[in-house]
Amino acid sequence: MRRRMRGTAVAAIALTSLMAVSACAKDSGGGTTPAASGSGCEFSAPPTAPATSSTSAADGKKVDGSALKIGLAYDIGGRGDASFNDLAAAGFDKAIADMGVKKENTRELSAAPNEDESAKQTRLRQLASEGFNPIVGVGFAYTESLKVVAPEFPNVEFGLVDSAVDGVANVTPLVFAEQEGAFLAGVVAAYQSKKCHVGFVGGVDIPLIQKFEAGFNQGAKTAAPKVAIDKKYITPAGDFTGFQDPPKGQEAAKGLIDKGADVVYPAAGASGIGVFAAVKEAGVLAIGCDADQYNQPALAANRDVIVASSLKRVDVAVYDFFHAAAANDLASLPKIFDLKSDGMGYATSGGKIDAKLQGILEGYKAQIVEGKIKVADAV
């Protein structure tokens, strides 16, 4: 690959088992503290280290993109999914506004559920052949297509969210440490649960979503070692409708709630809309995923149940890619978008997270950034 790690903005993500991480958490304080008022959990002594500030690669730099034609190929759900694709759209819109790209020189195309691989190739070829450059493929589903299409257009720069294409010089991977943001979601879930019982809903049972599950489990267990955790995947690997089926998301969440979970965390794309509906109906709580979902218009009817959101800053990655491509400086991009590079994070919109829990979250975030806590990316 043509990129290098950007200064101190990126930390290597070490893989460890839950046992190793539990030991690390014990080293940071040890023992347990009584349950917070209204919570059924007993908590490990939380870290108190201050958070490390971070910025995106493109902060403070202006480039002229008025001559560019930029393209975006969405994953299923497209603009309006209140999650992953909407974040890509936000980064796309910001790049257009900040770099002065003419509206007629932009193009957005969307995928259909379970479409044939040839449809993805056609979509990418259409953008490239019409002169769009750079182009971002939103989602790992474009990996195989870019293996074919990118070499056909060697002068076009492609960005690929959530995956990489080895040996193809004009494809820049935009990958994330999803497990780090999910870890913080797990901490919130443990502290917000009255029963010390939480749940995870995955859209599709694939390694990418398993990273969210792994981080969520580890965060919850690090904060409250005795917390009970249940999970449900909407569809198995290969059936990607699990990212775009709110009724099945609602059914999955209801199943977890019926088992006793009173805080539910979905990593399920547009299916999360159904998860939040089930949570609202049951009178329990939820944690948003990818975007600050409390502030998503599509979720306005149920947003009062969303106590926080883990942030996967696809908007930052998409914006930084377009910005770096326009500046002919793709080597400046982070090797991985993590907490340290502002590629992952959390939001507490809605005012339901008090100052004490905010401080605890910042402490855990700082320990991850500093490498004192290693978050596993597999269950």
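Residues numbered from 1 in each chain as written. Predicted model: local features only at pLDDT ≥ 70, side-chain atom pairs only at ≥ 80, totals over all residues. Heavy atoms only, no water.

Time to look at the overall build of the chain. Within the chain one finds 10 helices and 13 strands. Scored against the burial criterion, the 379 residues of the chain give a buried share of 57%. A sequence separation of at least 24 residues applies to 71% of the contacts in the chain between residues at least 6 apart. Roughly 14,600 Å² of accessible area belongs to the chain as shown, and the carbon and sulfur atoms make up 52% of that amount. (Helix = DSSP H or I, 4+ residues; strand = E, 2+ residues; numbered from the N terminus. Buried < 20%, exposed > 50% of the residue type's maximum accessible area, 1.4 Å probe, protein only. Contact = heavy atoms within 4.5 Å. Areas by Shrake-Rupley, 256 points an atom, 1.4 Å probe, with all protein chains shown as cover.)

This part is about helix α8 (residues 272–282). Within the sequence span of α8, burial applies to G272, G274, V275, F276, A278 and V279. Summarising the contacts, the buried residues of α8 are in contact with β8 (197–204), α7 (246–259), β10 (263–267), β11 (285–288) and β12 (306–312). Positive phi appears at G283, one or two residues downstream of α8, with a value of about 75°.

It is worth spelling out the nonpolar core at this point. In terms of nonpolar packing, the biggest core is built from 96 residues, with L146, F158, I209, Y265 and F322 touching the most fellow members. Here this core gets 9 residues from one element, more than from any other, and that element is helix α5 (residues 178–192). Counting contributing residues per domain, this core is built from domain 1 (70–174) and domain 2 (178–311 + 348–370), each supplying no fewer than three. Once you skip the residues sitting within four places of it in the chain, L146 turns out to touch L124, P151, F158, L160, V165 and V171. Of all hydrophobic cores here, the second largest spans 20 residues; its members include V201, I234, A268 and Y294. (Core = buried A, V, L, I, M, F, W, Y, C linked by side-chain atoms within 4.5 Å. Domains from an automatic or database assignment.)

Turning next to the environment of P154. Assignment of secondary structure puts P154 in the loop between α4 (143–149) and β6 (158–161). Residue class for P154 comes out exposed when judged on its relative accessible area of 57%.

Here we come to the packing of helix α2 (residues 84–99) against helix α9 (residues 314–326). Two numbers describe how α2 lies on α9: the axes approach to 7 Å, and their chain directions differ by 35°. Handedness of the α2/α9 crossing: right-handed. Of the residues in α9, those in contact with F84, L87, A88, A90, G91, F92, K94, A95, D98 and M99 of α2 are V314, D315, V318, Y319, F322, H323 and A326. The residue inventory of the contact of α2 with α9, partitioned by class, reads 12 nonpolar, 2 polar and 3 charged. (Axes fitted to C-alpha atoms, helices over the stretch in contact; angles between N-to-C directions. Left-handed = near helix turned anticlockwise from the far one by under 90°. Nonpolar A, V, L, I, M, F, W, Y, C, P; charged D, E, K, R; others polar.)

For the structure shown, the criterion picks out 17 salt bridges. R125 is the partner of E152 in a salt bridge, and the nearest nitrogen-oxygen pair spans 2.8 Å. Here R125 lies in helix α3 (residues 117–129) and E152 lies in the loop between α4 and β6, a separation of 27 residues in the sequence. Here R125 falls in the partly exposed class, since its relative accessible area comes to 27%. Here K211 makes a salt bridge to E178, at a shortest N to O gap of 2.6 Å. Of this pair, K211 sits in helix α6 (residues 207–223) while E178 sits in helix α5, placing them 33 residues apart in sequence. On the basis of relative accessible area, E178 is assigned to the buried category, the value being 1%. A single salt-bridge network, built from bridges that share partners, covers D162, E178, K211 and K312. (Salt bridge = Lys/Arg side-chain N within 4 Å of Asp/Glu carboxyl O.)

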